[in-house]
Amino acid sequence: MALARVERDPAGAGRFGSAVPPLCRQRPCALGVDEAGRGPVLGPMVYGICYCPVEKLQALEALGVADSKTLSEGERERRFELLEAASDTLGWALHVLPPDHISACMQQRAKYNLNELSHDTAVGLIQFVLDSGVQVAVVFVDTVGPAEKYEAKLRQCFPGLGVTVRPKADALFPVVSAASICAKVARDRAVKHWKFVEDLEDIDRDYGSGYPNDPKTKEWLQRNLEPVFGFPQLVRFSWGTARELLQHRGVPVKWADEDPEEDPAAPPSLLSYFARTTPRRPPHRFFHERSLRPLAEL
């Protein structure tokens, strides 16, 4: 089963792909890149790529691929089955980014925003396919941020490839539409089969769409907020909707000041016990016999 890995472990699926068709190791290929789940407060973001020999692009278009957002869930599933059936000429790869990883990246001390994470994930997937032996010749990408800058970045990373980055590329290039369908189907299954590591009893899965402005999603977040520990791992803590709920309904935490220079009564810092100190040399006999001491000790 193509997406069994996602259903078995949605949070740990990582990067994986289909078998590479032998034809794609021999003929110049077109590759499309798109993502699903960039905006939701719930669930992973999934990046997908799809590739086929350049001369097979018309056959790909004949499968009826389209921007996944314009298709119903049932239509996306049927299109994905058609893509799977064309495995002799077409391949795909996915990278599932779990919610806690997204939030950790966005909240780390060194700034690493969602655009940078998206760009690096796309670069990693393209390199993954190249390393698998696919003869990629041209790449089409749905833009994240300014298209010109993103295209320049990809050209710098892959100087031997023709790169085209466009807004709404999933509606312009069939190979990007196919990547969009792969990513969206994988994300839908990841959310549907999500494993709650928190071992919550009888948790409901009536999430709604997962987008912050969905009333069902907001209600689910309110029902599943634990005042001390926050939300289940399914939730992106870095999203404004989640942060606001935590601020209003979570238990405030006060951190003790452990700096003895600012608070003399505070216990010494744990790091102070591991600090390296220079051993003090005993004074020369000349100073000891004459009871001479440094001014700093007087």
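Bear in mind that the values here come from a model prediction, so they are computed numbers and not experimental data. Here the residue index of a chain counts from 1 through its sequence in written order. It should be noted that, the model being predicted, local features are given only for residues of pLDDT at least 70 and side-chain atom pairs only at 80 or more, the latter also being counted only at that level, while totals for whole chains, interfaces and linings use all residues. To get the side-chain values, take all heavy atoms of the structure and skip hydrogens and water.

**Comments concerning the overall build of the protein**
Helix and strand definitions here come from DSSP, where helices need a minimum of 4 consecutive H or I residues and strands a minimum of 2 consecutive E residues; each element is numbered from the N-terminal end. Across its full length, the protein holds 11 helices and 6 strands. A compact globule built from 298 residues would reach a C-alpha radius of gyration of about 19 Å, whereas the protein, at 27 Å, exceeds it by more than 25%. For the protein, the spread of C-alpha atoms along the three principal axes comes to 100 × 50 × 35 Å. Relative accessible area decides the class of each residue, using a 1.4 Å probe on protein chains only: under 20% of the type maximum gives buried, over 50% gives exposed, and in between gives partly exposed. Burial analysis of the protein (298 residues in total) assigns 43% to the buried set. When checking whether two residues touch, look at their non-hydrogen atoms; a contact exists if any pair is within 4.5 Å. Restricting the contact set of the protein to residue pairs at least 6 apart, pairs at least 24 apart contribute 70%. Surface summary for the protein: the accessible area is close to 17,200 Å², and the carbon and sulfur share equals 54%. Asp and Glu count as negative and Lys and Arg as positive, but His and the ends of the chain are not part of the count. Throughout, a charge is located at the NZ atom of Lys, the CZ atom of Arg, the CG atom of Asp or the CD atom of Glu. Seen as two clouds, the 37 positive and the 40 negative side-chain charges of the protein have centres 5 Å apart. With the radius of gyration taken over C-alpha atoms, the globule rule is written as 2.2 Å times the number of residues to the power 0.38. Residue burial considers only the protein chains on display, and all accessible areas are found by Shrake-Rupley using a 1.4 Å probe.

**Observations regarding the environment of Gly 240**
Following the sequence through the fold, Gly 240 ends up in helix H10 (residues 240–249). Taking the C-alpha atoms as reference points, Gly 240 and Pro 212, 28 residues apart in sequence, are found 8.5 Å from one another.

**Points about the nonpolar core**
To define a nonpolar core, start from buried Ala, Val, Leu, Ile, Met, Phe, Trp, Tyr and Cys residues and group those joined through side-chain atoms within 4.5 Å. The biggest cluster of nonpolar side chains holds 48 residues, and the ones touching the most others in it are Leu 31, Val 33, Leu 154 and Trp 220. Looking at this core element by element, the count peaks at 7 residues for helix H5 (residues 114–131). If near-sequence neighbours (up to four positions away) are discounted, Leu 154 is found in contact with Val 123, Ile 126, Val 141, Val 163 and Val 165. Residues Val 96, Phe 140, Ala 178 and Ile 181 belong to the second largest nonpolar core, which totals 31 residues.

**Some details on the packing of aromatic side chains**
The pairing test for Phe, Tyr and Trp rings, Trp by its six-membered ring, is centres within 6.5 Å, and the orientation test on the planes gives stacked under 30 degrees, edge-to-face over 60, and tilted for anything in between. If you walk through the whole model with that rule in mind, you get 5 aromatic pairs. Here the aromatic rings of Phe 16 and Trp 92 are separated by 6.0 Å at their centres, their planes lie at 85°, and the arrangement is edge-to-face. Of this pair, Phe 16 sits in strand E1 (residues 15–17) while Trp 92 sits in strand E4 (residues 91–97), placing them 76 residues apart in sequence. According to the relative accessible area criterion, Phe 16 is buried, its value standing at 6%. The class for Trp 92 is buried, based on a relative accessible area of 4%.

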